[in-house]
Amino acid sequence: MDYIIQTVISALSVGSFYALGALGIGLLFSVLRLINFAHGDFITVGGFALIVPSSAVVATVAIGGLHPAIMVVAIVAIVVALAVISYFLVFQHSQTSSPATMMIVSFALGYTLQNLIVMIYGGRPKAVNIFPSLTGQVQLSDGVSVQILQLVIIAVTWILLIALVLFLKRTRVGVQMRAAAEDFRMARMLGVNGKNVIALAFVLSGGLAGIMSILFVTQTGVLIFRMGVPIMLFFFIATVIGGMGSLVGAVVGGYSVGIVSVVLSAILPEELRGFRDACVFILVIVILLARPQGIVLTKAAKERV
Amino acid sequence: MLLEVKDITVHYSRLPALREVSVTVDEGEIVCIVGPNGAGKSTTLLAISGVLNPTHGEILFDGDKINGMSAEAVARSGISQVPEGRHVFTTLNVEENLRIGTSIRKDRENIEKDFKHILEIFPVLAERRKQAAGKLSGGEQQMLVIGRALLTNPRIMTIDEPSLGLAPNLVDRVYETLIDLRRSRGLTLLIVEQSSERALKAADRLYVLRSGQMQLEGKAADLRDGEKVRQAYFGFEEGSADDGKVAF
């Protein structure tokens, strides 16, 4: 029983993390048809921003040593700025191209960011320890203890989800953004400023990535210049099985992938655990064979089939 | 002259879709462009809205050049388009769809009044205010997009085939509403229509477009018998079609 509760919490926490990542990708895809493969690298940049830029072997915290509230705001601001600059410097110039071209552009941006990090910080992994108290365990009841960070990730995710839903439903720009996501040309013909809507999507996506950098680095305690790549793969898969262009789908997809991968590590026999990701991908193939348009069907996805 | 389209040529990649087409619309007028499928009617409206860019010619709105402006800038300048296929935002509810129409407006104090007014003109929209627009019937969606376009407070509204996919009695309703709006608000209308009979009934003036070129222009009153329009529309004279060479 204890084991089950711990597995459930762990699954929800991993699922939450993937859901946030998929949402960051889904936001951009919905208004721009861009699958941003640099999203994982945005998270990496946010992580490296915590420490003093130098190639020294031992990392010295900079922003990472500030008051937690200031640290969160600063990291989010840096990643938001990076996302917005990427739009104006890079994606804006390819936004009339095909989704495939934009995706390749995003790969190029991702590699550029990774190599910039290597140039500035060196290529070796660096240990950082922010919020050490969060990696401890908390006793839920007799014999059931879970990592505090897992609960924090779940809570933060739901706060962000609720805030995003309120923004999209209740504010004027939020409604404009939903309209643009569904029919960009029509929204512009009604005077909705397309550039503002896209820039706003980059702000939101970057903001999510910034918060994820902090959660991720707290979890792993290490900075590696390629650390955004493997998680990006899972975000992407989550977006695809959830249904491209649907934000609800992104969340559903994120949770599905997270829960499946944690449950697989719990139930697979010892000798197969190393192949957990392979098993997850097999499931993804099966889901996509059954529902090629993803779990949640959107107009955007229909256009593409 | 409120809107003046002067000799515009529009290309889709390299193929010309319109060749030196001119259209004028006066303040308060209802002007119809008719023509068969693929004549370039929608292309003309999309060029006016700033979605397509003419490679030649110019478009003047109230004396100012608007070709080359972005679609949202054209909308802000006072031209509202109801495009072909209606384009309601299906995942937004009826009220949100209408509110998108007010995105460009600065006169906040009048928005609420106009919003209520639109719900009075289209009571069915008031009933379904909180419903997803995708759930409305075709006729209701047509009302919604007209209402939405009106809420931008345009000086001229262009409509692409308001009758498309609607039952004849609903088409009558749509046209009655449009003509009422001209009477009550002095709205200027440029309507694209496939049916020349419908256009002759509604319009003050009529243009016939075929194969990307303007074939005929005239006052609806002068063309009422329909003979000239039919010739321009089909591109051959009555009775001469059986030689098989001039058919379109």
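It should be noted that the structure appears before, not after, this text.
The written sequence of each chain sets the order in which its residues are numbered from 1. Just so you know, chain letters begin at A and ligand numbers begin at 1, following the order they were written in. This being a predicted model, a pLDDT of at least 70 is required before a residue's local features are given, and a value of 80 or more before pairs of side-chain atoms are given or counted; all residues contribute to the totals for chains, interfaces and linings. Each side-chain value is worked out from all heavy atoms of the structure, with water and hydrogens disregarded.

I'm lost on the overall build of chain A in this one. Help?
Only DSSP runs of H or I with at least four residues qualify as helices, and only runs of E with at least two residues qualify as strands; both kinds are numbered from the N terminus onward. Helix and strand content of chain A: twelve helices and four strands. Between the two quantities, the radius of gyration covers C-alpha atoms and the globule rule is 2.2 Å times the number of residues to the power 0.38. Computed over its C-alpha atoms, the radius of gyration of chain A comes to 19 Å, within 12% of the 19 Å expected for a compact globule of 305 residues. The dimensions of chain A, computed from C-alpha atoms along their principal axes, are 60 × 45 × 35 Å. Looking at the 305 residues of chain A, the share that counts as buried comes to 49%. Residue contacts follow a heavy-atom distance rule, with two residues in contact if any of their heavy atoms lie within 4.5 Å. Within chain A, contacts between residues at least 6 apart in sequence are counted, and of these 74% link residues at least 24 apart. We get accessible surface area from the Shrake-Rupley algorithm with a probe of 1.4 Å; when it comes to residues, only the shown protein chains can shield them. Summing over all exposed atoms, chain A offers an accessible surface of approximately 13,300 Å²; the carbon and sulfur share of this is 71%. For this count, His and the chain ends are skipped, Lys and Arg are scored as positive, and Asp and Glu as negative. Where a charge sits is defined by one atom per residue type, namely NZ (Lys), CZ (Arg), CG (Asp) or CD (Glu). Across chain A, 17 positive and 9 negative side-chain charges occur, with their mean positions spaced 16 Å apart. Only protein chains enter the accessibility calculation, which uses a 1.4 Å probe; a residue whose area is less than 20% of its type maximum is buried, one above 50% is exposed, and one in between is partly exposed.

Please explain the overall build of chain B as it appears in this structure.
Helix and strand counts for chain B stand at nine helices and ten strands. Judged by the C-alpha coordinates and their principal axes, chain B covers about 60 × 40 × 30 Å. Counted over contacts in chain B with a minimum sequence separation of 6, partners at least 24 positions apart contribute 66%. Here chain B has roughly 11,100 Å² of accessible surface; of this, 47% comes from carbon and sulfur atoms.

Explanation requested: the interface of chain A and chain B in the structure shown.
Accessible area lost when the parts come together is the quantity often used to give the size of an interface. On the side of chain B, 27 residues touch chain A, which itself brings 20 residues to the contact. A quick way to say it: buried area is the sum, across both parts, of accessible area lost when two parts are put together, with a 1.4 Å probe. The contact between chain A and chain B buries some 2,000 Å² in all, and 55% of this surface belongs to carbon and sulfur atoms. When the area that chain A buries against chain B is broken down by residue, the three leading residues are Arg172, Met189 and Leu190 of chain A, summing to 33%. Arg188 of chain A is paired through a salt bridge with Glu72 of chain B; the nearest N and O atoms lie 2.3 Å apart. Any N or O atom pair separated by 3.5 Å or less is treated as a polar contact, with the protein-specific requirement of one donor-capable and one acceptor-capable atom, and with residues adjacent in sequence counted only for side-chain atom pairs. For the pair chain A and chain B, the number of links is ten residue pairs in polar contact (both at pLDDT 80 or more). Of all the secondary structure elements, the ones that give two or more residues to the side of chain A that touches chain B are α6 (172-182), α7 (184-189) and α8 (194-220) of chain A. The leading source of residues in the side of chain A that touches chain B is α6 of chain A, at six residues. Any carboxyl oxygen of Asp or Glu that lies within 4 Å of a side-chain nitrogen of Lys or Arg is treated as forming a salt bridge with it.

Honestly, the sheet that holds strand β2 (residues 15-25) of chain B in this entry has me stumped. Any pointers?
What links the strands of a sheet is backbone hydrogen bonding, and the strands pair in either a parallel or an antiparallel sense. Residues and elements named next belong to chain B. The strand order β2-β1-β4-β5 describes an open sheet built from four strands, whose pairing is antiparallel. Only two strands of the sheet have a single neighbouring strand rather than two, namely β2 and β5 (64-65). A pair of strands counts as paired when DSSP detects no fewer than two bridges linking them. Where strand β1 (residues 3-12) lies against strand β4 (residues 56-61), five bridges are found, and the strand directions are antiparallel. Opposite Lys6, over in β4, you have Glu58 as the bridge partner.

I tried to follow the layout of surface pockets on my own but got confused; where do I start?
Taking a probe equal in size to a water molecule and rolling it over the atoms shows the remaining empty space. Residue and element names in this part refer to chain A. With a 1 Å grid laid over protein atoms only, a set of points is called a cavity when a 1.4 Å probe fits there but cannot get out and a pocket when it is open yet has protein on both sides within 12 Å along at least five of seven lines; lining residues have an atom within 4 Å of a point. Grid points are joined across faces, edges and corners, and a volume is the space filled by probe spheres set on the points. Put simply, the second largest pocket is a space of about 630 Å³. What lines the second largest pocket is a set of 23 residues, among which Val31, Leu32, Gln95, Thr96 and Phe184 lie closest to the centre. If you list the elements that add at least two residues to the lining of the second largest pocket, you get α1 (2-32), α4 (99-121), α6, α7, α8 and α12 (299-304). Each residue belonging to the lining of the second largest pocket can be placed in one class, and the counts come to nine nonpolar, six polar and eight charged. Polar here means any residue other than Ala, Val, Leu, Ile, Met, Phe, Trp, Tyr, Cys and Pro, which are nonpolar, and Asp, Glu, Lys and Arg, which are charged; Gly is therefore polar.

Would you mind showing me how to read the packing of α1 of chain A against α6 of chain A here?
Each pair of packed helices can be summarised by the angle the axes make with each other and by the distance between the axes. Residue and element names in this part refer to chain A. Orientation is described by axes fitted as lines to C-alpha atoms, over the contacting stretch for helices, and by angles from 0 to 180 degrees between their N-to-C directions. Following both chains from N to C, one finds α1 and α6 inclined at 65°, their axes separated by 6 Å at the closest point. Overall, the two elements α1 and α6 adopt an arrangement that is roughly perpendicular. Residue-level inspection shows Leu27, Ser30 and Val31 of α1 in contact with α6, the latter providing Met177, Ala180 and Ala181. Residue classes in the contact of α1 with α6 are distributed as five nonpolar, one polar and no charged. Should an angle lie under 35 degrees it is considered roughly parallel, over 145 roughly antiparallel, and from 65 to 115 roughly perpendicular; all remaining angles are considered oblique.

Got a minute to help me understand the environment of Leu66 of chain A in this structure?
In this fold, Leu66 of chain A is placed in the loop between α2 (39-48) and α3 (68-89). Sequence separation between Leu66 of chain A and Ser98 of chain A is 32 residues, and the spatial gap between their C-alpha atoms is 43 Å.

Would you explain the pairing of strand β10 (residues 213-219) of chain B in this entry?
A regular strand places its side chains so that they alternate between the two faces of the sheet. Residues and elements named next belong to chain B. In the sheet, strand β9 (residues 205-210) pairs with β10 via six bridges, with the strands oriented antiparallel. From the neighbouring strand, Tyr207 faces β10, where its bridge partner is Glu217. Turn length for the β9-β10 hairpin, with the two strands adjacent in sequence and antiparallel, is two residues, and the turn residue Ser211 shows positive phi of about 50°.

It is not clear to me how a nonpolar patch on the surface should be interpreted in this structure. Could you clarify?
Residues and elements named next belong to chain A. Two distance rules govern patches: like charges are joined within 9 Å, and nonpolar side chains (Val, Leu, Ile, Met, Phe, Trp, Tyr) within 5 Å, applied only to residues with over 30% relative accessible area and no salt bridge. On the surface, a nonpolar cluster with roughly 630 Å² of combined accessible area is contributed by Met1, Ile4, Val8, Leu12, Ile259, Val263 and Ile267. Elements with a minimum of two residues in the nonpolar patch: α1 and α10 (247-267). Mapped onto the elements, Ile259 comes out in helix α10.

Looking at this structure, how should I read the sheet that holds β10 of chain B?
Residue and element names in this part refer to chain B. Spatially, the six strands line up as an open sheet ordered β6-β7-β8-β3-β9-β10, and their pairing is mixed. In this open sheet, the two strands that pair with only one neighbour each are β6 (79-82) and β10. Geometrically, the sheet is characterised by an average inter-axis angle of 15° between neighbouring strands, direction not taken into account. The sheet contact formed by strand β3 (residues 30-34) and strand β8 (residues 188-193) spans five bridges and is parallel. Looking at β8, one finds that Ile30 is bridged to Leu189. Contacting β3, β7 (156-160) and β8, helix α7 (residues 168-185) runs over the sheet at an angle of about 155° to β8. In this fold helix α9 (residues 227-234) packs onto β3, β9 and β10, with an angle of close to 25° to the strand it touches most, β9.

Any chance you could explain the packing of helix α6 (residues 138-150) of chain B against α7 of chain B here in plain terms?
All names here are of chain B. Between α6 and α7, the shortest axis-to-axis distance is 10 Å and the interhelical angle comes to 20°. Here α6 is positioned roughly parallel relative to α7, judged by the angle of their axes. The crossing of α6 and α7 is right-handed. Contacts between α6 and α7 involve Gly139, Gln142, Met143, Ile146 and Leu150 from the first element and Leu170, Arg173, Val174, Leu178, Leu181 and Arg185 from the second. Among the residues making up the contact of α6 with α7, the classes are represented as seven nonpolar, two polar and two charged. By convention the crossing between two helices is left-handed if the near helix lies anticlockwise of the far one by an angle smaller than a right angle, and right-handed if it lies clockwise.

Help me understand the pairing of strand β3 (residues 144-147) of chain A, please; the structure alone is not making it clear to me.
Residue and element names in this part refer to chain A. Note: strand β2 (residues 137-141) against β3, four bridges, orientation antiparallel. Note on β3: the bridge partner recorded for Val138 is Val146. With antiparallel pairing between neighbouring strands as the criterion, β2 and β3 make up a hairpin whose turn holds two residues, including Gly143 at a positive phi of roughly 80°.

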